[in-house]
Amino acid sequence: MLRSTSRVLPGFPLALGITLAYLSLVVLLPLTAVFAKTTGLSLQQFWDIVSSPRVVASYRLSFGAALGAAAINAFFGMMLAWILVRYNFPGKKIVDALIDIPFALPTAVAGIALTALYAPNGWIGKILESFGIHVAFKPLGVWVALIFIGLPFVVRTVEPILEDLETELEEAAASLGAHRWQTFRFVIFPVLLPALLTGFALAFARAVGEYGSVIFIAGNIPMVSEITPLLIITKLEQYDYAGATSIAVVMLVFSFTLLLAINGLQAWTDTRTGRKR
């Protein structure tokens, strides 16, 4: 039997060429320019820039806060997805819509709103201040902002898997004598794990490069609450293009590595759930 060689998309070679040209202009050329800007530095100069104490402190805050925020979002995001899929309650559609607010809200607006809430004279901040907990203008404020912007990634990644999960599996486990924790641990969680890891990676990648929602609440104190994206902007304002691009290269390499990991996790998810791309 002869297979049809016709393409669903007419003019496939032309369409592919236009797509690759557009991708090169929008993505590849800017990224290449970042790397090219650092070629004027020697290896020792590059290392001195990216390993200076101030830069290392910004790495520690950016990556550490992103990791902590992603871990919190993985836990509570899974709980939120479970509640939205498995239960009906008054205001469910409102809660479901509120989860997507970080996607639609400008990050600067989110930063101003969080700062107003968690500042020492804010609604939440003044309550926490009475317990000696300082959020705004501290590293903890960075963590709060990153939790805010990363939560939807976990919820929206786990939610479809929960919707496709057959309740008959849980009923079968219960009929065999498994209690709820055993059912969750051995039946539900292995199915959710690939999607949960993917949501965690997406939230982490989003948080590492976050800028707008953080700069207002962080305080931006060097060596204390200064994130790496802000340090790049600062160097650009000082016309230190080599320093800015050197730090950007480190962030770019790390982000690219994360992207590869996310793609691997997504492929693993598709394999475990039997879905095809």
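Within each chain, residues carry numbers counting from 1 in the order of the written sequence. Predicted model: local features are reported for residues with pLDDT of at least 70 only, side-chain atom pairs are reported and counted for 80 or more only, and whole-chain, interface and lining totals are derived from all residues. With hydrogens and water excluded, all non-hydrogen atoms of the structure serve as input to the side-chain values.

Considerations on the domain arrangement of the protein
Here comes step 1: Per the domain assignment, the segments making up the protein are domain 1 (1-39) and domain 2 (41-273).
Here comes step 2: Domain segmentation is taken from an automatic or database assignment of domains. Between the C-alpha centres of domain 1 and domain 2 the distance comes to 31 Å.
Here comes step 3: A 1.4 Å probe defines the accessible area here, and the buried area is the portion of it lost by two parts on being joined, summed over both. Taken together, the two surfaces of domain 1 and domain 2 that pack against each other cover about 660 Å², and 80% of this comes from carbon and sulfur.
Here comes step 4: The largest contributions to the domain 1 side of the interface with domain 2 come from Phe-35, Lys-37 and Thr-38, which together make up 67% of the buried area.
Here comes step 5: Each residue belonging to the side of domain 1 that touches domain 2 can be placed in one class, and the counts come to three nonpolar, two polar and one charged. Classification convention: Asp, Glu, Lys, Arg as charged; Ala, Val, Leu, Ile, Met, Phe, Trp, Tyr, Cys, Pro as nonpolar; all other residues, Gly among them, as polar.

As for a nonpolar patch on the surface
Here comes step 1: Residues Leu-16, Leu-20, Tyr-22, Leu-23, Leu-25, Val-26, Val-27, Leu-28, Leu-29 and Leu-31 make up a contiguous nonpolar surface patch of about 910 Å² in total accessible area.
Here comes step 2: Tracing the backbone shows Leu-25 in helix H1 (residues 12-37). Patches here are clusters of residues that have more than 30% relative accessible area and form no salt bridge, with a 9 Å joining cutoff for like charges and a 5 Å cutoff for nonpolar side chains (Val, Leu, Ile, Met, Phe, Trp, Tyr). Reported accessibility uses the Shrake-Rupley method at a 1.4 Å probe radius. Residues are deemed covered only where the shown protein chains occlude them. Just to be clear on terms, a salt bridge is a Lys or Arg side-chain nitrogen sitting within 4 Å of an Asp or Glu carboxyl oxygen. Each helix is a run of H or I in the DSSP string that is no shorter than four residues. Each strand is a run of E no shorter than two, and both are numbered from the N terminus.

Here's the deal with the side chain of Glu-159
Here comes step 1: Residue position: Glu-159 is located in helix H8 (residues 139-164).
Here comes step 2: The term polar contact refers here to a pair of N or O atoms within 3.5 Å; inside protein, the definition further demands a hydrogen-donor-capable atom paired with an acceptor-capable atom, and it admits residues adjacent in sequence only when both atoms are side-chain atoms. Among the polar contacts listed, one links the side chain of Glu-159 to the side chain of Arg-156, at a separation of 2.6 Å.
Here comes step 3: Apart from the residues within four sequence positions on either side, Glu-159 is in contact with Ala-81, Leu-84, Val-85 and Asp-96. Here a residue-residue contact requires only that any non-hydrogen atoms of the pair lie within 4.5 Å.

Description of the pattern of salt bridges
Here comes step 1: Under the counting rule described, the total for this entry stands at six salt bridges.
Here comes step 2: A salt bridge links Glu-226 to Arg-54; the nearest nitrogen and oxygen atoms lie 2.7 Å apart. Of this pair, Glu-226 sits in the loop between helix H11 (212-218) and helix H12 (228-237) while Arg-54 is found in helix H3 (residues 53-86), placing the two residues 172 residues apart along the sequence.
Here comes step 3: The partner of Glu-159 in a salt bridge is Arg-156, with the nearest N and O atoms 2.6 Å apart. Of the two residues, Glu-159 and Arg-156 both sit in helix H8, three residues apart, roughly one turn of that helix.
Here comes step 4: Each residue's exposure class comes from its accessible area (1.4 Å probe, protein chains only) as a fraction of the maximum for that residue type: buried when under 20%, exposed when over 50%, partly exposed otherwise. Relative accessible area serves as the criterion here: at 22%, Arg-156 is assigned to the partly exposed category.

Here we look at helix H6 (residues 107-118)
Here comes step 1: A helix is expected to span 1.5 Å multiplied by its residue count minus one. An ideal rise of 1.5 Å per residue puts 16 Å on twelve residues; H6 measures up with 16 Å between its terminal C-alpha atoms.
Here comes step 2: Along H6, the residues classified as buried are Ala-110, Gly-111, Leu-114, Thr-115 and Tyr-118. An end-on view of H6 places all buried positions within 130° of arc, on one side of the element.
Here comes step 3: Along its buried surface, H6 packs onto helix H7 (125-129), H8 and H11. Summarising the geometry, the arc corresponds to the directions from the helix axis toward the C-beta atoms.

Describing the side chain of Thr-157
Here comes step 1: Inspection of the secondary structure puts Thr-157 in helix H8.
Here comes step 2: Residue Thr-157 is classed as buried on the basis of its relative accessible area of 18%.

A look at the environment of Ala-119
Here comes step 1: Relative to the assigned elements, Ala-119 resides in the loop between H6 and H7.
Here comes step 2: Assessed through its relative accessible area of 8%, Ala-119 is described here as buried.
Here comes step 3: Through-space distance from the C-alpha of Ala-119 to that of Gly-177 is 51 Å; in sequence the pair is 58 residues apart.

Comments concerning the packing of aromatic side chains
Here comes step 1: Paired rings are identified among Phe, Tyr and Trp, the last through its six-membered ring, by centres lying within 6.5 Å, and are further divided according to the angle between planes into stacked (under 30 degrees), edge-to-face (over 60) and tilted (the rest). One pass over the structure, following the stated rule, counts seven aromatic pairs.
Here comes step 2: Between the aromatic rings of Phe-75 and Phe-76, the centroid separation amounts to 5.0 Å while the plane-to-plane angle is 85°, which identifies the pairing as edge-to-face.
Here comes step 3: Assessed through its relative accessible area of 42%, Phe-76 is described here as partly exposed.
Here comes step 4: For the pair Phe-200 and Phe-204, a centre-to-centre distance of 6.4 Å together with 10° between the ring planes defines the contact as stacked. One end of the pair is Phe-200 and the other is Phe-204, both in helix H10 (residues 180-208) and four residues apart, which spans about a single turn.
Here comes step 5: A relative accessible area of 23% means that Phe-200 is categorised as partly exposed.
Here comes step 6: Here a set of aromatic residues connected by ring pairs shows up, and it is made of Tyr-59, Phe-63, Phe-200, Phe-204 and Phe-254.
Here comes step 7: Over a ring means this: the NZ of a Lys or the CZ of an Arg is within 6 Å of the ring centre and within 35 degrees of the ring normal. The ring of Trp-82 carries Arg-86 above its face, with NZ or CZ at 4.5 Å from the centroid.

Here's the deal with the nonpolar core
Here comes step 1: Think of a nonpolar core as a cluster: buried Ala, Val, Leu, Ile, Met, Phe, Trp, Tyr and Cys residues, connected wherever their side-chain atoms sit within 4.5 Å. Ranked by internal contacts, the top residues of the largest apolar core, which has 52 residues, are Tyr-118, Val-142, Leu-146, Val-158, Leu-192, Val-214 and Ile-247.
Here comes step 2: Of all the secondary structure elements, the ones that give two or more residues to this core are helix H2 (43-50), H3, H6, H8, H10, H11, H12 and helix H13 (241-273).
Here comes step 3: Residue contributions to this core peak at twelve residues, all from H3.
Here comes step 4: The residues contacting Leu-146, other than those within four sequence positions of it, are Ala-65, Ala-66, Ala-69, Asn-73, Ala-207, Glu-210 and Val-214.

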